[in-house]
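In case you want the letters, here they are:
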Amino acid sequence: MLTIDTAFFLQIPSNSKKRILHPAKIVGFTNDLYTAELEETDLPLTAEQETLVFYESNRSFLQQAACVTDVIEGEPKCMFEFKTTGEPVSAESRQHYRVSAVMAGLTAQLGKEKECPLLDVSSTGFSVISEKTYEIGSIVDAVVRFDGKEHKGKVCIQGARQLSEGRIRYGLHCIKDSRQPSTSMSAGLQHISVSLQREQLRRLAGAR
């Protein structure tokens with residue numbers, strides 16, 4: 001868990017195609033607000049910015065959704081306050097099987113773009129094609145539709161690849177956020193992934 005003197009990493013949205021983690025340290029905690037000190041200077045950190053924090057606990061590398069509440073200009077290091085908005089989850093590099101959704105003709109909403117073709121789904125994330133530009137590390141509202149239901153939640157932009165005609169393929173990771181229904185996005189992705197796998201197996205079995 002996060003405590004005073006905990007060293008951690010802060011993920012700040014940027015133009016980089018790789019996830020960049022910036023080192024910081026917690027120096028205070030009052031009324032559910034953490035005060036932290038950044039090792040680097042001149043980082044584009046602003047109040048009300050949603051982000052992710054990464055840290056080690058009991059030999060596990062964890063990530064947790066957070067929101068910056070205030071940026072305190074200081075010398076020689078910048079300090080800021082933040083509150084956590086979600087539960088800690090594993091951030092270990094593990095492979096999650098993704099099932100193709102291209103043949104299913106499904107769409108998802110990313111930000112204000114309502115009809116983004118859904119390319120594949122796993123229990124922890126999905127990918128879409130969008131015409132909008134997002135920075136790697138950005139946290140965006142998303143809606144995935146399946147079987148007449150909408151599964152809402154926040155996702156983190158983890159990868160982007162430029163396609164033809166101004167389209168961009170984004171890889172997205174679902175964030176567990178305490179301000180969203182716990183059964184919405186995460187449970188929805190699990191259900192969609194399993195349903196598509198079963199559907200594809202049934203279709204392949206029938207094609208024999």
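Residues numbered from 1 in each chain as written. Predicted model: local features only at pLDDT ≥ 70, side-chain atom pairs only at ≥ 80, totals over all residues. Heavy atoms only, no water.

## Re the overall build of the chain
When helices and strands are counted, the chain shows 1 helix and 14 strands. Relative to its full complement of 208 residues, the chain shows a buried share of 43%. Contacts in the chain between residues far apart in sequence, at least 24 positions, make up 52% of those at least 6 positions apart. Surface summary for the chain: the accessible area is close to 11,900 Å², and the carbon and sulfur share equals 48%. (Helix = DSSP H or I, 4+ residues; strand = E, 2+ residues; numbered from the N terminus. Buried < 20%, exposed > 50% of the residue type's maximum accessible area, 1.4 Å probe, protein only. Contact = heavy atoms within 4.5 Å. Areas by Shrake-Rupley, 256 points an atom, 1.4 Å probe, with all protein chains shown as cover.)

## Brief notes about the nonpolar core
Counting 26 residues, the largest nonpolar core has L110, L118, V121, F126 and V128 as the members making the most contacts within it. Contributing elements (two or more residues each) for this core: strand 9 (107-110), strand 10 (113-121), strand 11 (125-130), strand 12 (139-146), strand 13 (149-162), strand 14 (168-175) and helix 1 (185-206). Of all hydrophobic cores here, the second largest spans 19 residues; its members include L2, L10, L62 and F82. (Core = buried A, V, L, I, M, F, W, Y, C linked by side-chain atoms within 4.5 Å.)

## Some words on the environment of S60
Topologically, S60 is positioned in strand 5 (residues 60-72). Take S60: its relative accessible area is 30%, and that puts it in the partly exposed class. Measuring from C-alpha to C-alpha, the distance between S60 and V89 comes to 9.6 Å, with 29 residues separating the pair along the chain. Not counting residues up to four positions away in its chain, the partners in contact with S60 are Y55 and E92.

## Brief notes about unusual backbone geometry
Unlike most non-glycine residues, D147 shows phi in positive territory, near 55°. Relative to the elements of secondary structure, D147 occurs in the loop between strand 12 and strand 13. Of the residues examined, D147 reaches a relative accessible area of 61% and is grouped as exposed. Although it is not a glycine, E165 sits at a positive phi angle of roughly 55°. Turning to its location among the elements, E165 is positioned in the loop between strand 13 and strand 14. Here E165 falls in the exposed class, since its relative accessible area comes to 74%.

## Quick notes on the environment of G188
Within the element layout of this structure, G188 appears in helix 1. Along the backbone, G188 and R145 are 43 residues apart, and their C-alpha atoms lie at a distance of 8.8 Å.

## Considerations on the packing of aromatic side chains
This model, assessed by the stated rule, comprises 6 aromatic pairs. With a centroid separation of 5.7 Å and an interplanar angle of 45°, the aromatic rings of F8 and F82 are classed as tilted. Of this pair, F8 sits in strand 1 (residues 7-11) while F82 is found in strand 6 (residues 79-84), placing the two residues 74 residues apart along the sequence. Exposure class is identical for F8 and F82. Each is buried. Look at F54 and F61: their rings are 5.9 Å apart centre to centre, the planes differ by 25°, and that puts the pair in the stacked class. Like F54, the residue F61 is buried in the burial classification. (Phe/Tyr/Trp six-rings, centres within 6.5 Å; stacked < 30°, edge-to-face > 60°.)

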